[in-house]
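Topology and contacts: notes
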Amino acid sequence: MATVDLDAIVRTLYAYAWPFLRITGLLLVAPVFGANVVPRRVKMVLAVTLTLVIAPMVPPAPAMEPFSALALLTALQQVLIGVAIGFAVQVVFDALLLAGQAIAMTMGLGFATLVDPSRGIATPVVGQFFIILGLLMFLAVDGHLLLLHVLADSFRWMPPGPAGIDSVSLATLVAWGGKIFEAGIVIALPAVVGLLVINVALGVVSRAAPQLNLFAVGFPLGMLFGFLMLVLSLPALQGSFERLLLQALDVAAKAAGAP
């Protein structure tokens, strides 16, 4: 009579469960993969496929009782590691969105909003334009493959187990979150400064010629120069995006335990 080795079944289950949880955490928040427009079934199929590819290379986790407090803690740690890796890269796109919002408000297009399909919230059209450019550049430089490479290496740096992200890695990740404002302002600075000069010039003209209807002239003129400054600042956007992406991948690797 054949016997069932329950221990072997549990070990096999854990060997695929821990990578699956970490991969699922990444797919929840990572750019492109975590977009709302991506169907849940597609995300599930992608998570299962990545698990089948990565799990055989993952070091075995320490033995623990199923459904115990230790197993629950390990599961939460795996999800947290995946979310941390995806969040580090998502910060880059949040910085682009902030830059687009700053430019839109300065040139008078803050009222023109669209629903961002990847987030499900209303964003200015300039911010949406920056997000689309960022996604295209992200795919063009194989950012999605680099992100998956960091994910695969995270199992080597931080094998599955109850010991997950430490306080130093969390502090690094939190500090990186502040990069949204710094990088967003740096990206938007050329266009914002140019529009500020235009607004100052219009203020001087309105004082010199009070009979001039500033609202009739200033609004279309500010919008025209805003588009001009936007076009002139686009060539520098690629370099800024690539530098931010490399920094984000480095932060993601450190959050995942990279030496």
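Keep in mind it's a predicted model, so treat the numbers as computed, not measured.

Across the protein chain, pLDDT averages 83, with 93% of residues at or above 70. By mean pLDDT, strand β1 (residues 113–116) is the weakest element of the protein chain at 74, and helix α2 (residues 40–54) is the strongest at 90.

It is worth spelling out the pattern of salt bridges at this point. Evaluated as defined, the whole model comprises three salt bridges. Between K179 and E182 there is a salt bridge, with the nearest N and O atoms lying 3.3 Å from each other. Note that K179 and E182 are positioned in helix α7 (residues 179–208) at a spacing of three residues, about one turn of the helix. Assessed through its relative accessible area of 18%, K179 is described here as buried. Here D250 ties to K254 by a salt bridge, and the two come within 3.5 Å at their closest N and O atoms. A residue pair is termed a helical-turn pair when its members lie 3 or 4 positions apart in one helix, as D250 and K254 do in helix α8 (residues 214–255) at four residues. You can call K254 partly exposed: its relative accessible area is 43%.

Our focus in this paragraph is the packing of helix α3 (residues 69–107) against α7. One can describe the packing of α3 onto α7 by two numbers: an axis separation of 7 Å at closest approach and a directional angle of 20°. One finds that α3 runs roughly parallel with respect to α7. Considering how the two elements wind past one another, α3 and α7 form a crossing that is right-handed. For the pair formed by α3 and α7, the contact residues are V91, D94, A95, L96, L98, A99, A102, I103, T106 and M107 on the first element and K179, I180, F181, A183, G184, I187, A188, A191, V192, L195 and N199 on the second.

Parameters at a glance
Residues numbered from 1 in each chain as written. Predicted model: local features only at pLDDT ≥ 70, side-chain atom pairs only at ≥ 80, totals over all residues. Heavy atoms only, no water. pLDDT = per-residue confidence, 0-100. Helix = DSSP H or I, 4+ residues; strand = E, 2+ residues; numbered from the N terminus. Salt bridge = Lys/Arg side-chain N within 4 Å of Asp/Glu carboxyl O. Buried < 20%, exposed > 50% of the residue type's maximum accessible area, 1.4 Å probe, protein only. Axes fitted to C-alpha atoms, helices over the stretch in contact; angles between N-to-C directions. Parallel < 35°, antiparallel > 145°, perpendicular 65-115°, else oblique. Left-handed = near helix turned anticlockwise from the far one by under 90°. Contact = heavy atoms within 4.5 Å.

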